[in-house]
Amino acid sequence: QVQLVESGGGLVQPGGSLRLSCAASGFIFSSYAMSWYRQAPGKERELVATISNTGGSTNYADSVKGRFTISRDNAKNTVWLQMNSLKPEDTARYYCRAFNYEYHYWGQGTQVTVSS
């Protein structure tokens, strides 16, 4: 059974940091690229960051470049999103996604709220 379980969300003040985790099981993690998406109320889901299956390549949305870092450990079947210098506009539900040429899987998400 495929599972992606996100954790690490919460309430943080502007300028603060959070580290999101996504624990994967039920598939060959090292064969899948991983992405973090986010969706704010009333807005479409947007791609935040992607990391290749080996971790050798990463990409970021312009809105988070220089503030967020995606990383993974294939031995732990986990991908992380380190979020620094958080802004109120980063408030959203954050989802991880695993994908390859044939399949893709989504987690249930974790809420991040940036507010003073």
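Residues numbered from 1 in each chain as written. Predicted model: local features only at pLDDT ≥ 70, side-chain atom pairs only at ≥ 80, totals over all residues. Heavy atoms only, no water.

Using the criterion set out here, one finds one disulfide in the structure. Residue Cys22 pairs covalently with Cys96 via a disulfide, S to S 2.0 Å. The S-S bond linking Cys22 to Cys96 shows a torsion near 50°; that makes this disulfide right-handed. On the criterion of sequence distance, the pair formed by Cys22 in strand β3 (residues 18-25) and Cys96 in strand β9 (residues 92-99) is long-range, its members being 74 residues apart. (Disulfide = S-S within 2.5 Å. Helix = DSSP H or I, 4+ residues; strand = E, 2+ residues; numbered from the N terminus.)

So, on to the pairing of strand β11 (residues 110-114). The two faces of β11 differ: Thr110, Val112 and Val114 on one face are buried, but Gln111 and Thr113 on the other face are not. By the bridge criterion, three bridges tie strand β2 (residues 10-12) to β11 in an arrangement that is parallel. Residue Gly10 lies in a different strand from β11, and its bridge partner there is Val112. Across three bridges, β9 lies against β11 in antiparallel orientation. The residue bridging Ala92 from the neighbouring strand is Val112, located in β11. (Buried < 20%, exposed > 50% of the residue type's maximum accessible area, 1.4 Å probe, protein only. Pairing = 2+ DSSP bridges.)

On the basis of which strands lie adjacent, the open sheet formed by four strands has the order β1-β3-β8-β7 and antiparallel pairing. On the outer flanks of this sheet lie β1 (3-7) and β7 (68-73), each paired with one strand and no other. Pairs of neighbouring strands in the sheet enclose a mean axial angle of 15°, with direction left out of account. Taken together, the six bridges between β7 and strand β8 (residues 78-83) define a ladder with antiparallel strand orientation. The residue of β8 that forms the bridge with Ile70 is Leu81. (Axes fitted to C-alpha atoms, helices over the stretch in contact; angles between N-to-C directions.)

Here we take up the environment of Gly66. The residue Gly66 is located in the loop between β6 (58-60) and β7 in this model. Spatially, the C-alpha atoms of Gly66 and Val48 are 12 Å apart, while their sequence positions differ by 18 residues.

Moving on, we get to the pairing of β1. Alternating residues of β1 divide into Leu4 and Glu6, all buried, and Gln3, Val5 and Ser7, none buried. Inspection of the sheet shows β1 paired to β3 by five bridges, in the antiparallel sense. Directly across from Val5, in β3, lies its bridge partner Ala23.

Another aspect to go through is the side chain of Arg72. In this fold, Arg72 is placed in strand β7. For the buried Arg72, no salt bridge is present, and the opposite-charge side chain at shortest range is Asp73, 8.0 Å distant. One polar contact links the side chain of Arg72 to the main-chain carbonyl oxygen of Phe29, over a distance of 2.9 Å. Every residue in contact with Arg72, bar those within four places of it in the chain, is listed here: Phe29, Ser30, Tyr32, Ala33, Met34, Ile51, Ser52, Asn53, Gly55, Thr78, Val79 and Trp80. (Lys, Arg positive; Asp, Glu negative; His and termini not counted. Salt bridge = Lys/Arg side-chain N within 4 Å of Asp/Glu carboxyl O. Polar contact = N/O pair within 3.5 Å; in protein donor to acceptor, adjacent residues only side chain to side chain. Contact = heavy atoms within 4.5 Å.)

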